[in-house]
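In case you want the letters, here they are:
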Amino acid sequence: MTGYPYGMTGGLTTFSWSRFNWPQGAFAARLVLAAVLALFAGHFLPGGHAFSAVLSALIVVRPYSQGALRAGLMRLVATLSGIALSFGTLFLHRFGLNDYVRLLIGVVPLALLTAYNSEYRSSLIAAVLMLGAASATTAGVEEAAVARAIVVGLGACIGIAVSVLVLPTPHKRAVADKALQILAQMIGGLLTPPDARSEKADTKLRRALLDLSQMHRDNGKGHAEDDPSGQMVRLVRHAQAVCLLLRVEWRREPGEGREAFCAALLAQIDALRAGQSVDDKTVWQALPEVTGVQNWMVRALAGDVTRLAKLIS
């Protein structure tokens, strides 16, 4: 059971609103609503740049409510930074500079800023949107840029409001769902032979880990060690290292009891994602008969899963 919006473990079960947990659906709803609201509001502003507001809103919308205001404001600042720099670049059209030169002048400083802080990525998009105002008209470039700036700023504000107010998803629940999804992928790959399919799964896993790290950053910096979201991220990172080592060992030396152990871990993860209570004994009873470093690895992995279950419960 991975990725279902409600209890489904091979067959259909009775729907229960109390067990409803579909953060992906809530995020999709926020994206759609933010796009519609931004397009609607953009039509009331001059310049005909309503879809620029839509793009700006979609960049700012977050998949959860906690940290959405901070992340949204950060992206709004980045957007305004891109607008401010592009304004200076737009005035250079008077000197006959071509599009390539103006693009480099407007993008290079923001690219360096983004390289040091990925949260400024939206400044690049805002700058390109603003530079597009210059290439879309031959007269009144400054007026078109002002209109585009207003629309882009409006879209960012709508994205912040939708993230905070519409279908609020607690940050801890979103992080827990992503952490469980990643653990299921890692454990499912322990017994997978090395082939093109496993390489594709590893690439997908790396992207999911990057998403999880971004969720942790959105929760703010300087949090105490007892922050549940931070603990979940650290457990997943530790489990990733254990799984990488364990997969190498298991591919080199076949053994018994590994399928049952992985099945017990995956069953516990499925139960957690469904909002059900779990029994840690089933995992520890399914430990395979291994010795040496492999014994430490399987116990470390089982410990990570059981500790994550306690954080989520």
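What to know about the packing of aromatic side chains
Inspection of every chain in the model, using the stated rule, returns one aromatic pair. Between the aromatic rings of Phe-40 and Phe-44, the centroid separation amounts to 5.0 Å while the plane-to-plane angle is 70°, which identifies the pairing as edge-to-face. Relative accessible area serves as the criterion here: at 54%, Phe-40 is assigned to the exposed category. You can call Phe-44 exposed: its relative accessible area is 61%.

Quick word on the environment of Ala-38
Topologically, Ala-38 is positioned in helix 1 (residues 23-42). Expressed as a C-alpha distance, the spacing of Ala-38 and Val-54, which sit 16 residues apart in the sequence, is 5.0 Å. If we ignore the near neighbours within four places in the chain, the residues touching Ala-38 are Ala-50, Ala-53, Val-54, Ala-57 and Ile-158.

Considerations on a nonpolar patch on the surface
There is a patch of nonpolar side chains on the surface, built from Phe-95, Leu-97, Val-101 and Ile-105 and spanning about 350 Å² of accessible area. Its location among the elements puts Ile-105 in helix 4 (residues 99-116).

Focus on the nonpolar core
Counting 43 residues, the largest nonpolar core has Ile-182, Met-186, Ile-187, Leu-190, Phe-261 and Leu-301 as its most contacted members. Looking at this core, the elements with two or more residues in it are helix 7 (171-188), helix 8 (196-218), helix 9 (228-252), helix 10 (258-273) and helix 12 (292-312). Those residues in contact with Ile-187 that sit more than four places away from it in its chain are Cys-262, Leu-265, Leu-266, Ile-269, Leu-301 and Val-305. Ala-41, Val-54, Val-61 and Ile-158 belong to the second largest nonpolar core, which has eleven residues in total.

Re the packing of helix 9 against helix 12
Packing of helix 9 against helix 12 leaves a shortest axis separation of 9 Å and a crossing angle of 155°. Here helix 9 lies roughly antiparallel to helix 12, going by the angle between them. Note on packing geometry: the crossing formed by helix 9 with helix 12 is left-handed. Contacts between helix 9 and helix 12 pair Pro-228, Gln-231, Met-232, Leu-235, His-238, Ala-239, Val-242, Cys-243, Leu-245, Leu-246, Glu-249 and Trp-250 from the former with Gln-294, Trp-296, Met-297, Val-298, Ala-300, Leu-301, Asp-304, Arg-307, Leu-308, Leu-311 and Ile-312 from the latter.

Things to note about the pattern of salt bridges
One pass over the full model with this rule turns up four salt bridges. Between Asp-202 and Arg-247 there is a salt bridge whose closest N-O contact spans 3.2 Å. With Asp-202 in helix 8 and Arg-247 in helix 9, this residue pair connects regions lying 45 residues apart in the sequence.

Overview of the packing of helix 7 against helix 12
Interhelical geometry of helix 7 versus helix 12 gives an angle of 160° and a closest axis separation of 11 Å. Relative to helix 12, the element helix 7 is oriented roughly antiparallel. Like other packed secondary-structure pairs, helix 7 and helix 12 cross with a definite hand, here left-handed. Every residue of helix 12 that contacts helix 7 at Lys-172, Ala-176, Ala-179, Leu-180, Leu-183 and Ile-187 is listed here: Leu-301, Val-305, Leu-308, Leu-311 and Ile-312. Residues belonging to the contact of helix 7 with helix 12 are distributed by class as follows: ten nonpolar, no polar and one charged.

Section: the confidence of the model for the protein
Averaged over every residue, the pLDDT of the protein is 76; the share at 70 or more is 80%. Scored below 50 in pLDDT, residues 1-20 shows 20 contacts in the model against residues more than four places distant or in partner chains.

Looking at helix 10
Taking 1.5 Å per residue as the helical rise, helix 10 with its 16 residues ought to reach 22 Å, and the 23 Å between its terminal C-alpha atoms agrees with that figure. Among the residues making up helix 10, those that are buried are Arg-258, Phe-261, Cys-262, Ala-264, Leu-265, Gln-268, Ile-269, Asp-270, Ala-271, Leu-272 and Arg-273. A positive phi of about 80° marks Gly-275, the residue just after helix 10.

Regarding helix 2 (residues 50-60)
Counting buried residues in helix 2 gives eight out of eleven residues, a clear majority hidden from the surface. Along helix 2, the positions that sit buried rather than exposed are Ala-50, Ser-52, Ala-53, Val-54, Ser-56, Ala-57, Ile-59 and Val-60.

Rules and cut-offs
Residues numbered from 1 in each chain as written. Predicted model: local features only at pLDDT ≥ 70, side-chain atom pairs only at ≥ 80, totals over all residues. Heavy atoms only, no water. Phe/Tyr/Trp six-rings, centres within 6.5 Å; stacked < 30°, edge-to-face > 60°. Buried < 20%, exposed > 50% of the residue type's maximum accessible area, 1.4 Å probe, protein only. Helix = DSSP H or I, 4+ residues; strand = E, 2+ residues; numbered from the N terminus. Contact = heavy atoms within 4.5 Å. Patch = residues over 30% accessible without salt bridge, like charges linked within 9 Å, V, L, I, M, F, W, Y side chains within 5 Å. Areas by Shrake-Rupley, 256 points an atom, 1.4 Å probe, with all protein chains shown as cover. Salt bridge = Lys/Arg side-chain N within 4 Å of Asp/Glu carboxyl O. Core = buried A, V, L, I, M, F, W, Y, C linked by side-chain atoms within 4.5 Å. Axes fitted to C-alpha atoms, helices over the stretch in contact; angles between N-to-C directions. Parallel < 35°, antiparallel > 145°, perpendicular 65-115°, else oblique. Left-handed = near helix turned anticlockwise from the far one by under 90°. Nonpolar A, V, L, I, M, F, W, Y, C, P; charged D, E, K, R; others polar. pLDDT = per-residue confidence, 0-100. Expected span 1.5 Å × (residues − 1).

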